[in-house]
Amino acid sequence: MEVVKEIGHNVVVPTEKKSRAREFWKKWKKQKTAFWAGFFILFLFVIALFGPWIAPYDPYEPNYDVTLQTPSIEHWAGTDEYGRDILSRIIVGTGISLGVSFSSVLVGAVVGTILGLISGYYGGWMDRLIMRWSDVMFAFPDLLLAIAIVAILGPGLTNVVVAVAVFSIPSFARLIRGNTLAAKEAVFVEAARSMGAKSSRIMFRHIFPETVSSMIVFFSMRIGTSILAASSLSFLGLGAAPESPDWGAMLSMGRDYLATSPHVVIIPGIAIFLTVLAFNLVGDGLRDILDPKTKN
Amino acid sequence: MFRYIVKRLIEIIPIIFVVSLLIFFFIHLVPGDPVRLAAGKEATLEEIERVRQELGLDKPLLTQYINYMQNLLTGNLGHSLKTGLPISDMFENRFSVTMTLTFMSLGWALVLGLLIGTISAVFRNKWPDYVGMLTAISGISLPGFWLGLILIQVFSVTLGWFPTGGVDSWKSYVLPSLTLGAGIMSMLARFTRSSLLETLKEDFIRTGRAKGLKESVVVRKHALKNSMIPVVTIAGLQFGFLLGGSVVVETVFSIPGMGRLLIDSIAFRDYPVVQAVILLFSLEFILVNLLVDILYKALNPKIRYDS
């Protein structure tokens, strides 16, 4: 009797949400590697947010008395060719890397999701149009497309965000379209439709939540890809300005000193590697919990 | 099968057409006048106009596109603004260099990826599995340009085993192809492992074991053979990753290939060359994907595309 009353007052939904979250947390704690990688990412976010205040030195100010110094007590990660503290540059660069990759994947995910929902839900000519467009986009290798876009728009971080977002859109659109096709046949969608719900409401309130799990998994995996793509563009001189503390740009500038001062190259490389690794491990963990079907 | 190939070939024609259209119009959106670059810094207004007419850039955009496509279909990719040379001549040696690099990378990525994936699957949840999968996830997470720089420092500068750059002999391709193939090798290792684990659960594997076959024979002759199809497909589909990556790797190792040409041309705003390289890479990617689809069907009779 109590249950019926609860359903009548629509109390079941939050309870279910709560138990879902608890169940997720229980499973997440068991994914040891992903769990710790997740902590590392949280730590990176803190650094990204408070970087300019945490950094022990000014990341832009040259100091020609201490150029290319190896790691020491004063400079934990050494200094670069202008005598700038590498650790401070890495710390401030965390914000750039995470900012660029998150914003680009977010734009890709939002646009891709809308296109995927429309394509899967309406079908017909809209589906054909969107899917043929994604075929065209898939005809360009990812990094090459990004290079082409930056070549047209000009170098700079904003254009890197645009470039990486553009190559993320078709992948998200395809993924969400597939999920939408499966979800739109479900009984609850049929029920919503028969109750006279508008198409937009069905798409965003009923079908979209069904696609969220696989989108979260894909999102976390794309972050790693986009950090690598953005740093590759900076390395090629098409991304961040050479003097900025972007990790890719630091590597690009430091390559001339690799033989004499390898730390100038090794340390930014490790920063990129560990960050991408953490996102990939979290992506793997999320996939195992949220979307085990796609493991293959 | 023949019908399928013809159908797919017909399907890619509009894609190629739209790709060429997109590249052409986007390149023409680029701010700045390419004619000034071609005519040189000290050119007078009359000279600039003359060069504009010579290049056909005074005509409407649509006419320019039609001319461009007519030339393209006869194999004429245009001329470089920087050198004035026909672009197809510039591609001659560079194309084979990039192809050698990408196929070498794919080759060793396949061999090592399959090996690591198989070992991981056979020794599931034991230390070889952990080492294999740690290597694989690290390979996916490594920035290629960084790996290249570290390999140069260790194997070229310190040990002197390989040249630091350029293409003189097969040795010049070893480090670049290792760098370029690392990502795909890792993906293939992960994919082989999961695909093999799935196959090892199948009934015919149980039958093989039940009739007393050695585990090595079961894995090698039965399981691996059946897991190969999706793995090879993934390898083919990742070809685009290699083409994109070749731009970075050729820059790190100073290899005179197509990718390096692209970056140099972007720096000089030599847009006819940029346009031609991107178009060629995209065509190649479309054709490789088509080939993979056809091979997939040929190898796996269970897949029916007609239905």
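On a predicted model such as this, the values are computed, not experimentally measured, just so you know. (Residues numbered from 1 in each chain as written. Chains lettered and ligands numbered in written order. Predicted model: local features only at pLDDT ≥ 70, side-chain atom pairs only at ≥ 80, totals over all residues.)

(A) Representation of the overall build of chain A. Across its full length, chain A holds 11 helices and zero strands. By its C-alpha atoms, chain A is 75 × 45 × 30 Å across when sized along the principal axes. Residues classed as buried in chain A amount to 47% of the 296 residues present. In chain A, of all internal contacts separated by at least 6 residues, the share reaching a separation of at least 24 is 67%. (Helix = DSSP H or I, 4+ residues; strand = E, 2+ residues; numbered from the N terminus. Buried ≥ 20, exposed ≤ 12 C-beta atoms within 10 Å, placed from the backbone. Contact = placed C-beta atoms within 7 Å.)

(B) Quick look at the overall build of chain B. When helices and strands are tallied, chain B shows 13 helices and zero strands. Over its C-alpha atoms, taken along the principal directions, chain B stretches across nearly 85 × 60 × 30 Å. Across the 307 residues of chain B, 38% fall into the buried class. In chain B, 72% of the contacts between residues at least 6 apart in sequence involve partners at least 24 apart.

(C) The interface of chain A and chain B, seen in detail. Facing 33 residues of chain A, the contacting portion of chain B comprises 39 residues. Looking at the side of chain A that touches chain B, the elements with two or more residues in it are helix H5 (124-138), helix H6 (142-153), helix H9 (199-235) and helix H11 (263-290) of chain A. Looking at the side of chain A that touches chain B element by element, the count peaks at eight residues for H11(A). Each residue belonging to the side of chain A that touches chain B can be placed in one class, and the counts come to 23 nonpolar, six polar and four charged. (Nonpolar A, V, L, I, M, F, W, Y, C, P; charged D, E, K, R; others polar.)

(D) Quick peek at the UniProt feature "domain: ABC transmembrane type-1" (unreviewed entry) in chain A. On the UniProt side, "domain: ABC transmembrane type-1" (unreviewed entry) is annotated at positions that read residues 94-283 of chain A here. Along residues 94-283 of chain A one finds 83% helix and 0% strand; the C-alpha atoms at either end are 19 Å apart. (UniProt positions renumbered as here; feature names shortened; annotations may be inferred.)

(E) Structural detail: the UniProt feature "transmembrane region" (unreviewed entry) in chain B. All names here are of chain B. According to UniProt, the feature "transmembrane region" (unreviewed entry) maps to residues 12-30, 101-123, 130-152, 172-191, 229-253 and 273-296 in the numbering used here. Segment residues 101-123 splits into 96% helix and 0% strand. End C-alpha atoms: 33 Å apart. From the first C-alpha to the last, residues 172-191 spans 30 Å; its make-up is 100% helix and 0% strand.

(F) The arrangement of the packing of H6(A) against helix H7 (residues 157-183) of chain A in detail. All names here are of chain A. At a closest axis distance of 9 Å, the pairing of H6 and H7 adopts a crossing angle of 140°. Between H6 and H7 the crossing geometry is right-handed. Where H6 abuts H7, its residues Asp142, Leu145, Ala146, Ile149, Val150 and Leu153 lie against Asn159, Val160, Val162, Ala163, Val164, Val166 and Phe167. (Axes fitted to C-alpha atoms, helices over the stretch in contact; angles between N-to-C directions. Left-handed = near helix turned anticlockwise from the far one by under 90°.)

(G) Just the nonpolar core, in detail. Formed by 142 residues in total, the largest nonpolar core has its most connected members in Leu144(A), Ala146(A), Ile147(A) and Leu188(B). It is H9(A) that provides the largest number of residues to this core, a total of 15 residues. Setting aside anything within four residues of it in sequence, one finds Leu144(A) in contact with Leu243(B), Gly244(B), Val247(B), Ile278(B) and Phe281(B). Counting residues in each nonpolar core, the second largest holds eight residues, with Leu200(B), Val218(B), Ala223(B) and Leu224(B) among its members. (Core = buried A, V, L, I, M, F, W, Y, C linked by C-beta atoms within 7 Å.)

(H) Fine view of the UniProt feature "domain: ABC transmembrane type-1" (unreviewed entry) in chain B. Following the UniProt record, the feature "domain: ABC transmembrane type-1" (unreviewed entry) maps to residues 95-292 of chain B here. Strand forms 0% of residues 95-292 of chain B and helix 83%; the C-alpha atoms that close the span are 21 Å apart.

(I) Region of the structure containing unusual backbone geometry. All names here are of chain B. Of note in this structure, serine 254 is not a glycine but carries a positive phi near 45°. Mapped onto the elements, serine 254 comes out in the loop between helix H11 (239-252) and helix H12 (258-268). Residue class for serine 254 comes out partly exposed when judged on the 14 C-beta atoms lying within 10 Å of it. Even without being glycine, arginine 269 reaches a positive phi, approximately 60°. Mapped onto the fold, arginine 269 is located in the loop between H12 and helix H13 (271-299). Of the residues examined, arginine 269 has 18 C-beta atoms within 10 Å and is grouped as partly exposed.

(J) Geometry of helix H5 (residues 87-122) of chain B. The end-to-end C-alpha distance of H5(B), which contains 36 residues, comes to 51 Å, matching closely the 52 Å that a straight helix rising 1.5 Å per residue would cover. At Asn93(B), H5(B) shows its maximal kink, close to 35°. (Expected span 1.5 Å × (residues − 1). Bend = angle between axes of the 7 residues up to and from the residue.)

(K) Representation of the UniProt feature "transmembrane region" (unreviewed entry) in chain A in the model. Residues and elements named next belong to chain A. Under the feature "transmembrane region" (unreviewed entry), the UniProt entry names residues 34-55, 102-124, 136-154, 215-241 and 261-283. In this annotation, residues 102-124 is assigned 96% helix and 0% strand; the end-to-end C-alpha distance for the span is 33 Å. Between the C-alpha atoms that bound residues 215-241 the distance is 32 Å, and the span itself is 78% helix and 0% strand.

(L) Quick peek at the environment of Ile176(A). Residues and elements named next belong to chain A. Residue position: isoleucine 176 is located in helix H7. Assessed through the 29 C-beta atoms surrounding it within 10 Å, isoleucine 176 is described here as buried. Separated by 57 residues in sequence, isoleucine 176 and serine 119 place their C-alpha atoms 8.9 Å apart. When sequence neighbours within four positions are dropped, the list of residues in contact with isoleucine 176 reads Gly112, Thr113, Gly116, Leu117, Gly120, Thr211 and Met215.

(M) A look at the confidence of the model for chain B. Averaged over all residues, the pLDDT of chain B equals 84, while 96% of them reach at least 70. The ipTM, which scores confidence in the relative placement of chains, is 0.83 for this predicted complex, and the corresponding pTM is 0.86. (pLDDT = per-residue confidence, 0-100.)

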